[in-house]
Amino acid sequence: MPEDSLKKVGIEGDPSKRSASFMMVDNKPIVSFAKNVEVMSTKQALERYEWLKDYSWKLIEEEEGDFDGYFIRVPKGVKVDFPVEACLYLKRVKSQRVHNIVIAEEDSELNLITGCASERISGLHLGISEFYVKKNAKVTFTMIHNWKKKNEVLPKTAIKVEENGTFISNYVLLSPVKYLKSYPTAYLDRNARAVFSSIVVGFEDSEIDLGSRVYLNGEGSSAEIISRSISRGGKIVARGHIIGNAEGAKGHLECKGMILGSGVIHAIPELEARHPNVDLSHEAAIGKIAEDEIFYLMTRGLSRDEAISLIIRGFMDIDIKGLPEVLKREIDKAIELVEKALI
Amino acid sequence: MDRGILRVVNLGVEVDGRKILQNVNLYIQKGQTYALFGPNGSGKSTLLMAIAGNPKYKIYDGRIIFKGRDITNLQANERVKMGLGISYQNPPKISGVKLRDLIRHCAKLGGTEDKVEEYVKMLKMENLLDRDLNVGFSGGEVKRSELLQLLLMNPEFVMLDEPDSGVDLENIAVIGEAINKLLERDKPEEERTKSGIIITHTGHILKYVDADYGVIMYRGRIACVGDPYDILKTVENYGYEECVRRCLRTL
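Residues numbered from 1 in each chain as written. Chains lettered and ligands numbered in written order. Predicted model: local features only at pLDDT ≥ 70, side-chain atom pairs only at ≥ 80, totals over all residues.

Scanning chain A from N- to C-terminus turns up five helices and 20 strands. Whereas a compact globule of 343 residues would reach a radius of gyration of roughly 20 Å, chain A reaches 20 Å, a difference of no more than 12%. In terms of its C-alpha atoms, chain A occupies a principal-axis envelope of roughly 65 × 55 × 35 Å. Out of the 343 residues in chain A, the part that is buried amounts to 51%. (Helix = DSSP H or I, 4+ residues; strand = E, 2+ residues; numbered from the N terminus. Rg over C-alpha atoms; globule rule 2.2 N^0.38 Å. Buried ≥ 20, exposed ≤ 12 C-beta atoms within 10 Å, placed from the backbone.)

Attention now moves to the sheet that holds strand β4 (residues 57-66) of chain B. Residue and element names in this part refer to chain B. With antiparallel pairing, the four strands of this open sheet are ordered in space as β2-β1-β4-β5. Strand pairing shows two members of the sheet lacking a second neighbour, β2 (18-29) and β5 (69-70), which therefore form its edges. Judged from the eight bridges that link them, strand β1 (residues 4-15) and β2 form a sheet pairing that is antiparallel. Looking at β2, one finds that Leu11 is bridged to Val24. Lying on the sheet, helix α1 (residues 44-52) is in contact with β1, β2 and β4; it crosses β4 at an angle near 65°. (Pairing = 2+ DSSP bridges. Contact = placed C-beta atoms within 7 Å. Axes fitted to C-alpha atoms, helices over the stretch in contact; angles between N-to-C directions.)

Okay, the nonpolar core next. Among the nonpolar cores identified, the biggest contains 170 residues, and A:Val139, A:Leu188, A:Ala194 and B:Ile216 are the most heavily contacted of them. Among the domains, domain 1 (3-290) and domain 2 (291-343) of chain A are the pair contributing at least three residues each to this core. Excluding its chain neighbours within four sequence positions, the residues that come into contact with A:Ala194 are A:Val161, A:Phe167, A:Ala186, A:Leu188, A:Val214 and A:Ala223. (Core = buried A, V, L, I, M, F, W, Y, C linked by C-beta atoms within 7 Å. Domains from an automatic or database assignment.)

All names here are of chain B. Notably, Lys67 is not glycine yet its phi reads approximately 50°, a positive angle. As for its placement among the helices and strands, Lys67 is situated in the loop between β4 and β5. You can call Lys67 partly exposed: it has 15 C-beta atoms within 10 Å.

Another aspect to go through is the pairing of strand β1 (residues 20-25) of chain A. Residue and element names in this part refer to chain A. Within β1, five of the six residues are buried, which leaves the element mostly enclosed by the surrounding structure. For β1 and strand β2 (residues 28-34), the ladder comprises six bridges, and the chain directions are antiparallel. Paired with Met23 across the two strands is Ile30, which belongs to β2. Two successive antiparallel strands, β1 and β2, enclose a turn made up of two residues, where Asp26 displays a positive phi of approximately 55°. Both β1 and strand β5 (residues 84-90) contribute to a ladder of six bridges, which runs parallel. Counterpart to Phe22 in the pairing with β5 is Ala86.

Residue and element names in this part refer to chain B. On average, residues of chain B score 93 in pLDDT, and 98% of them reach the 70 mark or higher. Within chain B, helix α8 (residues 240-250) has the poorest average pLDDT of any element, 81, and strand β9 (residues 157-161) the best, 98. Across the assembled chains, the prediction reports ipTM 0.95 with pTM 0.84. (pLDDT = per-residue confidence, 0-100.)

This brings us to the packing of helix α5 (residues 139-153) of chain B against helix α6 (residues 169-182) of chain B. In a pair of packed helices, the angle between the axes and the distance between the axes together describe the arrangement. All names here are of chain B. Running from amino to carboxyl end, α5 crosses α6 at an angle of 20°, the nearest separation of the two axes being 10 Å. Compared by their axis directions, α5 and α6 come out roughly parallel. The handedness of the crossing between α5 and α6 is left-handed. Each of Gly140, Lys143, Arg144, Leu147, Leu150 and Leu151 in α5 lies in contact with α6, whose residues at this interface are Asn171, Ile175, Ala178, Ile179, Lys181 and Leu182. (Parallel < 35°, antiparallel > 145°, perpendicular 65-115°, else oblique. Left-handed = near helix turned anticlockwise from the far one by under 90°.)

The next subject is the interface of chain B and chain A. Opposite the 20 residues of chain B that make contact, chain A presents 18 residues. Class assignment for the residues of the side of chain B that touches chain A results in 12 nonpolar, six polar and two charged. (Nonpolar A, V, L, I, M, F, W, Y, C, P; charged D, E, K, R; others polar.)

So, on to the confidence of the model for chain A. In this model, chain A carries an average pLDDT of 89, and 94% of its residues clear a pLDDT of 70 or more. Per-element averaging of pLDDT across chain A places helix α1 (residues 3-7) of chain A at the bottom with 70 and strand β13 (residues 185-188) of chain A at the top with 98.

Residues and elements named next belong to chain B. Reading across from one edge, β6-β9-β10-β3-β11-β12 is the order of the six strands in this open sheet, with mixed pairing throughout. For this open sheet the edge positions go to β6 (84-87) and β12 (221-226), each flanked by a neighbour on one side alone. On average, adjacent strands in this sheet sit at an angle of 20° to one another, irrespective of strand direction. Here β6 runs beside β9; their pairing, made up of four bridges, is parallel. Following the sheet pairing, Ile86 is matched in β9 by Met159. Here α5 sits on the sheet and contacts β6 and β9; the angle it forms with β6, its principal contact strand, is near 170°. Along the sheet face, helix α7 (residues 228-238) touches β3 (33-37), β11 (213-218) and β12 and points at about 45° away from the line of β11.

Moving on, we get to helix α4 (residues 304-316) of chain A. Compared with an ideal rise of 1.5 Å per residue, which puts 13 residues at 18 Å, α4(A) spans 19 Å between its outermost C-alpha atoms and is within 8% of the ideal. Among all positions of α4(A), only A:Ala307, A:Leu310, A:Ile311, A:Ile312, A:Phe315 and A:Met316 are buried. (Expected span 1.5 Å × (residues − 1).)

What follows covers the domain arrangement of chain A. One can read the domain layout of chain A as domain 1 (3-290) and domain 2 (291-343). A straight line from the C-alpha centre of domain 1 of chain A to that of domain 2 of chain A covers 24 Å.

Moving on: the packing of helix α3 (residues 291-298) of chain A against α4(A). Residue and element names in this part refer to chain A. Packing of α3 against α4 leaves a shortest axis separation of 9 Å and a crossing angle of 120°. When the axes of α3 and α4 are compared, the pair comes out oblique. As for how α3 packs across α4, the hand of that crossing is right-handed. Taken together, the residues of α4 that come into contact with α3 (itself represented by Glu293, Ile294, Leu297 and Met298) are Arg304, Ala307, Ile308, Leu310 and Ile311.

Below, the discussion takes up α6(B). Structurally, the α-helix is built with 3.6 residues per turn, so residues lying three or four positions apart point the same way. Residue and element names in this part refer to chain B. Taking 1.5 Å per residue, 14 residues should reach 20 Å; α6 reaches 20 Å between its end C-alpha atoms and fits that length. The set of residues buried in α6 consists of Ile175, Gly176, Ala178, Ile179 and Leu182. The buried residues of α6 occupy one face: seen down the axis, they fall within an arc of 165°. Across α6 from its buried face, at more than 90 degrees, point the exposed residues Glu170 and Ala173. The positive-phi residue at the C-terminal boundary of α6 is Glu184, with phi of around 55°. (Arc of directions from axis to C-beta.)

So this is what it looks like as C-alpha cells:
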C-alpha cells in the first residue's frame, strides 16, 4: 500500500505516535496494535459481546448486506493519550460496506483519526458509524479523506452524547471525488456539547453534499457547526441543521464559502427552535478572494501567489478549541499539500 | 549629485474609468518629508495607491520614477522590495491570517528580525500578535499595527495615509515616535536618508513629526507647495479653496 497516500490521510502506523491502529483493506479488517483501548473488527466484537446488539444498528436504521468495520471501546475513566487511527482503504473491490461502532465509556477520552483513501479510480464506499459518548466522556473524531475522481462516497454517521459528554468532529476533504453525500446527526443529552467543523475543497466534476445536524434534546446542551468550502469547480452543498428541543439549548452555525474561479456553492443553514428558551444563530457568507486583501499583502512584500495562498490558508484555519496539537498538525499538513493545487 | 528619490511626472490616474488625478508632478529628495493636505475626495489616497502600484488605480498618463528607475508598470511587491512602504488608512481585515505571521514576512524583508521585540513593545502590540489581521482592532490599534509592519520593513520611502485619524490623545505620541523613527526625524538633518509623504487631514501629527514641505491636493491636482505649518494655518483659518487661491497668487 502506498505509504504516502496513507500519510496524506493521517495514518502513521507508528506505535510511538498512535495508541492503536486499525486498517480495513477492501473488506478485510486488520488490527496492528492497541494499548489502553479495545479495538477489533465489528463482526468479531458482535460475536464476543452479547450486549453489543443493544448498540448495533440502534442509531441508524439497519441496512441489508454484509458489513464489517472497526469496533473501538475506551474503558471507563481511561483517557487515551495518543490518537487511535483507523484506515478504510479501497483497493480491488468495487464497493466497500463498512459498519463502525465506537463506545467511549463514562469519564473516558478518545481521539480518533480515520483516514479513507482509494487506490481504485472508481468505487463505492458505504460507511455506517455509530458513536456512543457516555456521561462526561469526550470523543474527538478527525476524518481526512483522499478519494479519487470517480469514487462515490456515502457515509452515514450518528452520535449519541450523554450528560456532560463532548463530541468534536473535524472533517477534511481536499481531493477530487465524484459524489459525496454525508449528513452526520448528533443527539445531545443534558449539558452535552457537539462541535462539527469541516473544510471541503470541491474540484471540477465533483458533487459534494455535506452537512451536520444536531438535536439539542437535553437541558443546557450546545452545538456549533462551522464549515469552510472552497470551490475550484463542481458543486458543493453546505448544510447545517440545529434543532433546539430543550430549556437553555444553544446553537451556532457558521457557513463560509470561497469561490476560486468556477463552481457552485450552495449554503443551506437551518435553525429550528422547538422550545421557547433556546438560543440559535447562524451566519453564512460566500465570495471570491478580495483583490484589496491580495494587494495589501503584496505591499508587505508577498508575491501575488504567496498572498493568495496566505489568504486561502487563513480562510481554512478554523480555530477549533480543544483540538489536540497532534491533530491540528495533521490538518495543517493536509492543507499544505493541497495549497499549491489551488492557485 | 542627484538626491532625488521619487519623481512623479505628469501623472494621470483613473479608477473604474473615472479620472481622479490629472497632471500630477512631484519631486522628493532623500531625507525630505512631505505633508499632503487636501479636502476629502481630492485624490490624496489615490496618489499613494498609484505610487504603491495598486492595479485598481490605472495610470493613463505619465510616469513614476523611484530611485532612478521607471516603476510605472512594476508589480506592487517588486516596488516594496526596492524600498517603497505604505501604511493604510483603512486596511482590509483578513480572517485566519495572524498579525504575527505577517510581521514575520515584514521583518524578513527589512532584515529587522532582531528588532521585532523592541518595536512590538514600543507600539504596545504584545496582545495583538495572535489576533486575526485587523479583525476587531480599534482605530488606534490599526494604525499601530500598520506602523509596526512598516518599521520592520524598513523602507527608504514611506507613505502614510492618515496615520493620526481615529487615534486618541494617549496614543498619538506613540504614533509620532514611530513615524519619527521611520523617517529618521530623530536624527540630525544631514544624516537623514529616509523620505516620505504623510497624508493628514487634521494636521495633528505635525505636532509630533516635523515635515519639510506641505502640499495641497485639490481636485486631482497638486495645487500648492509651501511651508506645511503656514499651509495648515491658512487652511484652518480660511479653508482649502481660499488657501489654494492665495497660494496661486504668490506663485
